[in-house]
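# Summary of structural features
Listed below, chain by chain, are the residues.
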Amino acid sequence: MSQTIAPRFRALTLLLLAVAGVLLAGAAPASAHAALTGSDPQQGVVVDKAPSQVSLTFSEQVAMSDDSLRVLDPKGNRVDTGKPANVSGTTYAVRLHSGLPDGTYTVAYQVVSADSHPVGGAYTFSIGAPSKTSATVGDQTVGGGIVGALYGVGRYVSYAGFIVLAGGAAFVLACWQRGSGVRAVQRLVVSGWVALTAATLALLLLRGSYTTSGKIGDIFDLTLLGQVLQTKSGAALVSRLLLLAAAALFVAVLFGEYQKRADDEKRDLTFGLAIGGTVVAVGLAASWAMAEHASTGLQPGIAMPVDVVHLLAVAAWLGGLAALLVTLYRAPAETPIEPAAVRRFSRLAFGSVLALVATGTYQSWRQVGSWSALTDTRYGQLLLIKIALVLLMVGIAATSRRWTGLLAETATTKASAKARAKVAAAAGRKSGSDATTGAGADSKTGSGKGGAGKAAGKAEAGKAGAGKAAAGGKDAAKGKTGGKAQPGGKAAKGEAARRAAQLARQQAAVDTARQKRLRDADPHRFGLRRSVLMEAGVAVVLLVVTTVLTQTEPGRTETEAKAATSSSSSSSSSSAAGAVTLDMPFNTGGKDGKGVVRIDIDPARVGGNELHIFALGTDGRLRDVAELKISFTLATKNIGPLPVTPEHVTTGHWVASGVQIPMAGDWKVEATVRTSDIDQVSVTKNAQIG
């Protein structure tokens, strides 16, 4: 049975690595977690006169550099001036040169979303009439290529390193303290620390190129590195490195001073290590939470602590599972893991699963937002795969718990057998003592004969001793003369040393074989090893899916972006009847604070106009808001703002009749939306009226 373990283990390992490679290779470039929801001018539109600026609206706040937003004329020359600025909420704009000629202009943008992922894209609009040519820009898909692939691998290794480091240490302290002296467990935890440290350094170097050019040569650009250090992601990576220095001290004490102490002397040190290790683990988990999904969007104050708990639960379960697997396969036969330690880990894993269910449910609601997004978005589909893998792991874990129970019963049976054997041995010694007492009484009556026998024995021994002494003297004499006649004595000693080394190797091989036989002797332990191996295999794939999931645009964001894009594409600056439709995405920052305000101005001419205002949710359906106000401003003539208070007629629909527009021009239409007592935002868009 044991001869088939190694091939099976290697085959399963290769299979899991292949699956992980396919998933990582098949993962698209890191999807933008901030989506472009609107622009002014809109994509593909033809405007009558040159705009003074170009503005872009995203689903969340983004970070911009000087070259994040560029506008190019038909010949490819830049026509923007100044730095991009945040004009309101999640809307960013860059000024344009005055007097731009007719033609097709290209808007290219490349920014970093609030959850640290790069966003890039490009679109065109025309002034007067489309030109025959337009500027050509490079591929605006950021986060891809070799740098993107390396960054994805670095993220995976960092997650795996944290899980092995934190989970392995927790396994030793909470489940099997004797494991601090097992070399295989020590190597596992130290390898987790090394992997996490190396991956963090690599991510810090790759970050600049990953969010900008994507070129390998920019990995070691010190200017980009300096810019990264000033960002939220850079600060998170640096803080992670500082915490890893503290983690190194923790590991040194755990596998140094701690494992040298006796079991009764470990209590105080165990408490101190548990407190210190928990603080370091929480800090490491927070370095992800403060810079990724949890740090932006809905309820970040709640989402970040929940994300920390989620990561710690994953580490306790999967990292402890890795430590248990290594222990079952590599721990010395003289110090096998006790069934009680396995039961303690089983309880720890069960608590971790409960924490994962609670935190995962909240995170799923926050990132997906609707049932339809589970099946209609890539994020939702990956989330369903992750849930299926977790359920599979829980099912395999139930099998492991059954093997653990059988192993505990076997240990109890063996303990009872040993106790009965001790009782029987004690009874045997007592009966032997009674027999010896009886024999002593008989020996007293035959002491005379015994004395004579002893005297005779001594005499014979004396003769034998004399004979041996004589023989010894002869041998000694021969040895003295023979010592000079043996020139090959050194060669004999070398041959003896080689034979001793060979015997040592053979003995080591015998010990290894005996160790394997002892490990595989118990069928219950073998069953536990096999089920834990299967569980760990599923965990490898689960971690890959989780890594890809963190690089994928959340379902809620994707749904909102689709709703805003469809609204923008369905609207037009004018129709045959002269009506104007404006779509303005808004985000008040509170609960249910995102949506789109659609304003229909009919007939969009000087004089009386009728306004129909619609409030759309992120799912594209009509919704109500606490308050909605509209105003018109013609800045070139210093007219306005002219307030309009529409009348609410039905869910998500307001109407204002007889709205007077005094003169033709490029009017700024402002919508003020309030979704709660304190959450309010104003969004604007220009419309040509008259």
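Computed from a predicted model, the values in this text were never measured in an experiment.

What counts and what doesn't
- Residues numbered from 1 in each chain as written.
- Predicted model: local features only at pLDDT ≥ 70, side-chain atom pairs only at ≥ 80, totals over all residues.
- Heavy atoms only, no water.
- 1 Å grid on protein atoms, 1.4 Å probe; cavity = no way out; pocket = protein on both sides within 12 Å on 5 of 7 lines; lining within 4 Å.
- Points joined across faces, edges and corners; volume = space filled by probe spheres on them.
- Helix = DSSP H or I, 4+ residues; strand = E, 2+ residues; numbered from the N terminus.
- Nonpolar A, V, L, I, M, F, W, Y, C, P; charged D, E, K, R; others polar.
- Axes fitted to C-alpha atoms, helices over the stretch in contact; angles between N-to-C directions.
- Parallel < 35°, antiparallel > 145°, perpendicular 65-115°, else oblique.
- Left-handed = near helix turned anticlockwise from the far one by under 90°.
- Contact = heavy atoms within 4.5 Å.
- Pairing = 2+ DSSP bridges.
- Core = buried A, V, L, I, M, F, W, Y, C linked by side-chain atoms within 4.5 Å.
- Buried < 20%, exposed > 50% of the residue type's maximum accessible area, 1.4 Å probe, protein only.

What follows covers the layout of surface pockets. What the largest pocket holds in volume is close to 1300 Å³. Counting residues per element, the ones that place at least two in the lining of the largest pocket are β1 (36-40), β2 (46-47), β3 (53-58), β6 (80-88), β7 (91-96), β10 (580-587), β17 (665-674) and β18 (680-689). Considering each element in turn, the lining of the largest pocket owes the most residues, seven residues, to β18. Per-class residue counts for the lining of the largest pocket are 15 nonpolar, 19 polar and six charged. Space inside the second largest pocket adds up to approximately 1100 Å³. Lining the second largest pocket are 44 residues, and of these Gly-360, Gln-363, Ser-364, Leu-383 and Lys-386 sit closest to its centre.

Direction vectors running N to C along helix α3 (residues 183-211) and helix α5 (residues 232-254) enclose 160 degrees, while the axes themselves pass 10 Å from each other. The angle between the axes of α3 and α5 places the two elements in the roughly antiparallel class. The two elements α3 and α5 meet at a crossing, and its hand is left-handed. Judged by residue contacts, Val-189, Val-190, Trp-193, Leu-196, Thr-197, Thr-200, Leu-201, Leu-203, Leu-204 and Arg-207 of α3 engage Ser-233, Gly-234, Leu-237, Val-238, Arg-240, Leu-241, Leu-244, Ala-247, Ala-248 and Val-251 from α5. In the contact of α3 with α5, the residues fall into 14 nonpolar, four polar and two charged.

Let us now look at the sheet that holds strand β13 (residues 627-634). Here we have four strands laid out as an open sheet, ordered β14-β13-β17-β18, and antiparallel in their pairing. Looking at which strands have only one partner, the edges of the open sheet turn out to be β14 (639-644) and β18. Across the sheet, the axes of successive neighbouring strands diverge by a mean angle of 20 degrees, strand direction being ignored. Taken together, the 10 bridges between β17 and β18 define a ladder with antiparallel strand orientation.

The next thing to look at is the sheet that holds β1. On the basis of which strands lie adjacent, the open sheet formed by four strands has the order β1-β3-β7-β6 and antiparallel pairing. The open sheet has two edge strands with one neighbour each: β1 and β6. Taking the axes of each pair of neighbouring strands and ignoring which way they run, one obtains an average angle of 20 degrees across the sheet. The sheet contact formed by β3 and β7 spans five bridges and is antiparallel.

Formed by 71 residues in total, the largest nonpolar core has its most connected members in Phe-162, Leu-165, Phe-171, Leu-254, Leu-324, Ile-337 and Met-393. Contributions of two or more residues to this core are made by α2 (145-174), α3, α5, α7 (267-289), α8 (300-330), α9 (339-368), α11 (378-445) and α14 (523-550). With 15 residues, the top contributor of residues to this core is α8. In this view, Met-393 contacts Trp-317, Leu-318, Leu-321, Glu-535, Val-538, Ala-539 and Leu-542; residues no more than four positions away in its chain are not counted. With 30 residues, the next largest nonpolar core counts Val-580, Leu-634, Val-669 and Val-673 among its residues.

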